[in-house]
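Structural description and commentary
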Amino acid sequence: MSPPVPSKILTDDVSLLMVLIDTNPHFWSSIKPHFSFSKFLSHVLAFLNSILLLNQLNQVVVLATGINSCGYVFDSSSGSVSQRAESLLPKLEEFAENDESLSERDDDSGNGVGSSLLSGSLSMALCYIQRVFRSGPLHPQPRILCLHGSPDGPGQYVAIMNSIFSAQRSMVPIDSCVIGIQHSAFLQQASYITGGVYLKPQQLDGLFQYLATVFATDLHSRNFLRLPKPVGVDFRASCFCHKNTIDMGFICSVCLSIFCKHQKKCSTCGSTFGQAKTLDPSASQQR
Amino acid sequence: MADKQQQVVVKRARHKSSVKDPGTPGVLKLTKDRFTFMPNDPSSPVKHNVEFRTIKGHKFTKDGTKQALLNLTQDQGGNYIFEFENFPDRNVCKDFVASAIALSGEAGRTVPEKSAVPIQDEQLSAAEMERRIKLLQEDSDLQKLHKQFVIGGILSEAEFWATRKKLLEQNYSRRPKQRVALKNDMWSTKPLADGQSNRVTFNLTPEIILQIFAEKPAVRQAYLNFVPNKMTEKEFWTKYSRAEYLHSTKNVIAAAAEAAEDEELAVFLKQDDMLVNEARKKIRQVDPTLDMEADEGDDYMHLPDHGLPRNDNKDVLDSQYEPYRRSFSQHLNQHAAVVLQGRVIDVELGDTRSVAEALARTKHAELAKDASDVYLDKERLERISRMTEIEDLQAPRDPAVAPLSIKDPRDYFDSQQANAFSTLGDTVSGAKQLKCSVSTREAYCSLKECISEIKFQGLTEPTINSEVAFKVLNGLAQNISSNKYHLGRNPNESVLDSLPKITREELLLHWSSIQELLKHFWSSYPITTKYLLTKATKLKDAMSQIYPKLQEIKESVQSDLRHQVSLLVQPMLQALDAAFAHYDADVQNRSARSGERPNGF
C-alpha cells in the first residue's frame with residue numbers, strides 16, 4: 001500500500017483508475033484484420049502513462065480478464081517509485097500463459113467467440129477499491145474502466161448485476177469502452193446504473209483519442225464536463241414465453257414474470273392463474 | 001290576529017322611519033324567509049317586502065317602556081322600525097324574527113359549499129364528505145382533476161375516489177384523535193386550610209369526582225348506595241372530605257375512633273375491598289413462566305437487607321387499627337393505573353350519579369367478560385406448557401412453506417441480449433456473429449506474440465495519426481452537442497425546466513389527466529356489462545379530446561424547443577394510440593360477433 005498522503009497534497013481530482021483489459025484470445029484473433037492486440041496495447045499503455053502524468057498522486061491498477069481466470073497485472077503504487085505502464089507487459093505474458101494452462105486440452109475450433117470472465121475482474125476491482133476505502137479518510141477517488149470486446153456471457157448475469165449494485169452502493173462509477181463488434185447489454189446497464197460513461201468507439205485506430213478525451217476525466221471534473229451519453233438503454237420487458245419485446249402483457253403476481261398471452265399456469269414459479277371473467281356474451285349463448 | 005302556526009306570524013304594527021316618527025299603521029306578516037308590511041292605506045308608498053337574508057340583527061325596547069318597538073337592522077345600515085300595540089305581540093314577533101334570522105344565516109353559509117360537491121347517488125356520511133372536501137382543498141392538482149372529470153361528467157364521484165382510498169384514509173387518520181386525559185395530579189383533593197379560622201375547604205369539580213370514582217370503587221359503590229337514600233350529595237361529599245382530612249393527618253387512631261362512631265365514614269376510612277379483589281385477579285393473570293437468565297440485578301446477597309425494601313417507621317399498632325392504615329404505595333399504584341387507562345366512559349360529567357353508574361357498569365362488564373372467559377385459563381395453561389419446553393431438546397420444526405422453483409435466469413437474459421442489439425440499431429445482427437476459426441492454442445500463441453512484439457519494439461510512434469485524432473474529436477464533439485437536446489438520464493437538468501412555464505403546466509396537467517383516464521380505461525376491460533361499455537366510451541371520448549390538444553402544444557412551442565417537447569409528448573400520444581386501437585378492435589369484435597348471429601345458427 002502507498003504511504004499515507006498528507007492532506008495538503010490530496011486535491012479533488014486525484015483518481016484511482018482500475019482498468020479491466022479483455023484478453024480473450026478468441027476475440028482478439030477474430031478481430032485481427034481490423035485491430036490487433038499490439039496496437040490496442042500501445043494505445044492503452046500511452047493512455048495509462050498519461051493518467052499517471054496528470055497528477056502525481058494518481059494511481060492506476062490494471063486487471064486482465066481472461067477466459068479461465070483474472071489477475072492483477074499492474075499496480076502503479078507498488079514499489080517505491082511510481083512505475084511506468086510498460087512494466088505490465090511481462091506480467092501480462094505470464095498471465096496469458098497461466099490462462100492457457102487452465103484451459104481444457106481439446107481444440108475448440110469454430111466454436112464462436114466465448115465470453116471472458118468480466119464478473120470475476122469486476123469483483124476483484126471492487127475488492128481492491130474496498131481496501132482503499134478502508135485505508136483511511138484520505139484516498140483518491142476510485143473508478144473502474146472496462147475495455148471489453150467479448151460478447152456477454154449469460155451465465156454471468158447474476159454475478160455481474162451483483163457487482164454493479166455493489167459498485168452503485170459504494171458510489172464507484174463503471175465506465176465502459178466497448179471495442180468489440182456488438183454492443184454489450186451488461187456494460188450498458190453497468191454504466192447506466194452506476195453513473196459512468198458508456199462508449200463504443202466508431203474508429204478503433206483512434207482509440208487513444210477516445211480514451212484521453214472521455215475516460216481520462218476524473219470524477220470531480222465530471223460535474224462540469226459534458227461527456228457522451230448513449231442514446232438510451234433498452235429496459236423494455238420481453239415476454240418469457242417467446243422472448244419478444246412487448247408493451248402490454250400479463251404479469252404473474254407471485255414472481256413477476258411476464259407473458260404476452262393469457263396462460264393457465266406460470267411457467268416460472270408454477271402458480272396457477274385464476275380464470276378471467278366471461279369474456280364475451282356469445283360464449284354464454286353457445287350452450 | 002295572530003296566526004297560531006309557527007310558520008307565519010301576522011300582527012298589526014306601525015312602521016316608523018325613526019323612533020320619533022308617528023309611523024304608518026299597517027299589517028306586518030312574518031314568514032320563515034321574509035317579512036312583508038302592508039299599510040292600511042293602499043295609497044301609502046310604505047310597502048316593504050324584505051328577505052331575512054339581508055337582516056343581520058334585531059333590537060327591541062324593554063318590556064314596560066313607553067313604546068313596544070322592534071328594529072330590524074341590515075348589513076348596509078338600513079333598518080326597519082315597527083311599533084306594536086302591546087308587548088306580548090312584540091315579543092312574539094321578536095322571537096320569530098330571531099329564529100328566522102338564525103335560519104337564514106345558516107342557509108346562506110351552506111349554499112356555496114353544496115355547489116362544490118355534485119349530487120350523487122351513493123349514500124355518504126357527512127364525515128366522508130368532509131374528508132373529501134378537505135382533501136380537495138389541500139391538493140390543488142387533485143382539485144383540478146376532480147373538476148375536469150367529475151364535474152365534466154366523464155367519471156362519477158365513486159369511480160374517482162375508488163382509486164384514492166388510501167389518500168382518504170391517510171387524511172382521516174391524520175386528524176388528531178386525542179382526547180384530554182385524566183389529570184395526573186394526585187393531590188388535587190388536598191384541602192385548603194384556612195390558617196385563621198378552623199375551616200378546611202375542599203374543591204370538588206366534576207373532573208375530580210370522576211377521578212375519585214375511577215380510583216376508589218368503594219367510594220363509588222357507597223355513593224350509589226347512600227345517595228339519595230340515606231344522605232344528600234352534599235352530605236356525602238362532606239363525609240368524604242372529612243375522611244380525606246383524617247387521612248391527611250396520618251392519625252390512624254383518630255381515624256379509627258371516628259370510624260367507630262360513624263358508619264358511613266367508616267366506609268371511606270377502611271381499606272377498599274373491591275380494589276383488593278381486582279388486584280388479586282390481576283396477579284392471577286401474570287405469566288408465571290420466567291426467563292431465568294441471571295444477571296447483575298439478581299445479586300442480592302451483597303445488598304443490605306437482601307434488597308428488600310424496608311419501611312423503618314413501621315409502628316406496631318394494635319390489630320384493630322390496621323384496617324385504617326392507608327398505604328401510600330397502594331394509592332399511588334392505583335392512581336397510576338387509572339390515569340394510564342384513560343377515559344373509560346363517555347358520559348357528561350355534570351351528573352354525578354350517572355357517572356357513578358356508568359363506571360359501575362363498565363367494571364361489571366369487565367368482570368363478566370373475565371368470568372365467562374373459559375378459554376383464558378386454557379390458553380394460560382397452554383402458554384405455560386409451551387414456555388417450559390427447553391428449546392435445545394426439541395426436534396426441528398419444518399417450515400410451513402412450499403418451495404419456489406424459479407427458472408434459470410440465463411434463459412431470460414438471452415432474450416434481453418437480442419433485444420438490446422436490435423434496439424441499438426446495430427448493423428451486425430445476431431446471425432453475423434464472430435467466428436473464431438482458430439484453435440485455442442493458436443489464439444493464445446498470437447496473443448503472446450503481440451505482447452512480445454510490443455516488448456521489443458516499444459509503442460508505435462506516433463501513438464495515433466493526427467488526422468484520425470482530429471476526426472475522432474470532431475465526432476465526439478458532435479455527438480455530445482446533439483446529446484444536449486436528447487432526453488438522456490441527466491440528474492442535473494430536467495428538460496421540463498427549460499420549457500416556458502405555461503407549456504410545462506399544460507403538459508403536466510395533460511399528463512396527469514391522461515394517466516387518470518388510462519387507468520380507468522384499462523381497468524374497464526374486458527367489457528362484461530353495459531355499464532363498463534358506456535364508461536369505456538365516455539373515457540375514449542375524453543381522451544380523443546385531449547389528443548388534439550397535445551398536437552397543438554407541439555406546434556405552439558418555439559422552434560428550438562419543439563424537438564424536446566415532441567419527445568415529451570411522444571409517449572403520451574403512443575399510450576393514447578394504443579388505447580384507441582384497443583377500443584376500436586374491441587368494438588369491431590363486438591359488432592362482428594353480434595352480426596354473425598342472424599346469419600349462422
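Residues numbered from 1 in each chain as written. Chains lettered and ligands numbered in written order. Predicted model: local features only at pLDDT ≥ 70, side-chain atom pairs only at ≥ 80, totals over all residues. Heavy atoms only, no water.

1. Examining the overall build of chain B
Short version of the rule: For helices the rule is a DSSP run of H or I covering at least 4 residues; for strands it is a run of E covering at least 2, with both sets numbered from the N terminus onward. Only protein chains enter the accessibility calculation, which uses a 1.4 Å probe. A residue is then buried if its area is under 20% of the maximum for its type, exposed if over 50%, and partly exposed in between. Only heavy atoms enter the contact rule, under which two residues are in contact if any of them lie within 4.5 Å. Accessible surface is estimated by sampling points in the Shrake-Rupley manner with a 1.4 Å probe; for residues, cover comes only from the protein chains shown.
Across its full length, chain B holds 20 helices and nine strands. For chain B, with 601 residues in total, the buried portion stands at 32%. For chain B, restricting intrachain contacts to residue pairs at least 6 apart in sequence, the fraction spanning at least 24 positions comes to 57%. When the accessible surface of chain B is totalled, it reaches about 40400 Å², and 53% of it is carbon and sulfur.

2. Examining the packing of aromatic side chains
Applicable threshold: Between the rings of Phe, Tyr and Trp (Trp by its six-membered ring), a pair exists once the centres lie within 6.5 Å; its type follows the angle of the planes, with under 30 degrees stacked, over 60 edge-to-face, and the other angles tilted.
The final tally for this structure, using the stated rule, is 15 aromatic pairs over all chains. With a centroid separation of 5.8 Å and 90 degrees between ring planes, the pair formed by B:Phe35 and B:Phe82 is classed as edge-to-face. Of the two residues, B:Phe35 sits in strand E3 (residues 34-39) while B:Phe82 sits in strand E7 (residues 79-84), which places them 47 residues apart along the sequence. When sorted by exposure, B:Phe35 lands in the same class as B:Phe82, which is buried. Exposure remark for B:Phe82: the relative accessible area of 0% places this residue in the buried category. Three or more aromatic residues link up through ring pairs in this structure, and these residues are A:Phe27, A:Trp28, A:Phe35, A:Phe37 and A:Phe40.

3. As for the pattern of salt bridges
Counted only if it meets this: For this document, the term salt bridge refers to a Lys or Arg side-chain nitrogen within 4 Å of an Asp or Glu carboxyl oxygen.
For the coordinates displayed, the defined rule picks out 10 salt bridges over all chains. The partner of B:Lys448 in a salt bridge is A:Glu100, and the shortest N-O contact between them spans 2.8 Å. Taken as a pair, B:Lys448 in helix H16 (residues 440-457) and A:Glu100 in helix H3 (residues 88-102) lie in two separate chains rather than in one. Neither residue differs from the other here; B:Lys448 and A:Glu100 are each classed as buried. Of the charged contacts, one joins A:Asp175 and A:Arg222 as a salt bridge, the two residues approaching to 2.7 Å between their closest N and O atoms. Here A:Arg222 lies in the loop between helix H7 (207-215) and strand E7 (250-251) and A:Asp175 lies in strand E5 (residues 174-178), a separation of 47 residues in the sequence. When sorted by exposure, A:Asp175 lands in the same class as A:Arg222, which is buried. A network of salt bridges, in which partner residues are shared, links A:Glu97, A:Glu100 and B:Lys448.

4. Some points on the sheet that holds strand E5 (residues 55-60) of chain B
All names here are of chain B. This is how the line gets drawn: Any two strands with at least two DSSP bridges between them are considered paired. Every angle, taken between N-to-C directions, lies between 0 and 180 degrees, and every axis is a line fitted to C-alpha atoms, over only the stretch in contact when it is a helix.
Strand order in the open sheet formed by seven strands is E4-E3-E2-E1-E7-E6-E5, and the pairing between neighbours is antiparallel. Edge positions in the sheet fall to strand E4 (48-51) and E5, since each of these pairs with one other strand and no more. Shown here is a sheet whose adjacent strand axes are inclined to one another by a mean of 30 degrees, direction ignored. Pairing of strand E6 (residues 68-74) with E7, which is carried by six bridges, proceeds in the antiparallel orientation. Bridged to Asn71 within E7 is Ile81.

5. Comments concerning the pairing of strand E2 (residues 59-65) of chain A
Residues and elements named next belong to chain A. Burial of E2 is extensive: seven of the seven residues sit out of reach of the surface. Residues of E2 alternate between two faces, with Gln59, Val61, Leu63 and Thr65 on one and Val60, Val62 and Ala64 on the opposite face, all of them buried. Examined bridge by bridge, strand E1 (residues 15-22) and E2 share seven bridges and lie parallel to one another. Counted as the bridge partner of Leu20 is Leu63 from E2. Of the pairings in the sheet, the one linking E2 to strand E3 (residues 70-75) comprises five bridges and is antiparallel in character.

6. Considering the sheet that holds E3(A)
Residues and elements named next belong to chain A. Spatially, six strands are ordered E3-E2-E1-E4-E5-E6 in an open sheet, and the strand pairing comes out mixed. Sheet topology places E3 and strand E6 (198-199) at the edges, where each strand pairs with a single neighbour. Its contacts with the sheet put helix H6 (residues 185-194) on strand E4 (141-148), E5 and E6, and the angle it makes with E5 is roughly 150 degrees.

7. Concerning the pairing of strand E1 (residues 9-16) of chain B
All names here are of chain B. Extensive coverage of E1 is indicated by the burial of six of its eight residues. Note that E1 and strand E2 (residues 24-30) share seven bridges and pair antiparallel. From the neighbouring strand, Arg12 faces E2, where its bridge partner is Val27. Bridging between E1 and E7 involves four bridges; their strand directions are antiparallel. For His15, the partnering residue across the bridge sits in E7 and is Phe82.

8. Topic: the side chain of A:Ser191
Residues and elements named next belong to chain A. What counts is decided by this rule: We define a polar contact as two N or O atoms separated by no more than 3.5 Å, with the added condition that, inside protein, one atom must be a possible hydrogen donor and the other a possible acceptor, whereas residues neighbouring each other in sequence contribute only through side-chain atom pairs.
Tracing the sequence through the fold places Ser191 in helix H6. A distance of 2.6 Å separates a polar atom in the side chain of Ser191 from a polar atom in the side chain of Ser176. Apart from residues lying up to four places away in sequence, Ser191 is in contact with Ile174, Asp175, Ser176, Gly196, Val197 and Tyr198.

9. A short note on the environment of A:Cys266
Residues and elements named next belong to chain A. Inspection of the secondary structure assignment puts Cys266 in the loop between strand E8 (258-259) and helix H8 (281-285). Sequence-wise, Cys266 and Leu256 are 10 residues apart; in three dimensions their C-alpha atoms are separated by 9.7 Å. Aside from chain neighbours lying at most four places away, what touches Cys266 is Cys252, Cys255, Ser257, Phe259, Ser271 and Phe273.

10. As for the environment of B:Pro217
Residues and elements named next belong to chain B. Positionally, Pro217 belongs in helix H7 (residues 217-226). By relative accessible area, which is 1% here, Pro217 ends up buried. Distance in space between the C-alpha atoms of Pro217 and Ala360 is 8.2 Å, their sequence separation being 143 residues. Those residues in contact with Pro217, other than ones at most four positions away along the chain, are Asp272, Met274, Leu275 and Glu278.

11. Topic: the confidence of the model for chain B
Residue and element names in this part refer to chain B. Basically, it comes down to this: Every residue gets a pLDDT, meaning the predictor's confidence in that residue, from 0 to 100.
Averaged over every residue, the pLDDT of chain B is 73; the share at 70 or more is 71%. Predicted confidence in chain B is weakest over helix H15 (residues 409-423), with a mean pLDDT of 52, and strongest over helix H17 (residues 466-483), with 88. Note on residues 108-121: pLDDT under 50 across the span, and eight contacts to partners over four residues away in sequence or across chains. Note that pLDDT drops below 50 for residues 424-432; the model gives that stretch eight contacts with residues more than four away or on any other chain. As a predicted assembly, this complex carries a pTM of 0.46 together with an ipTM value of 0.76.

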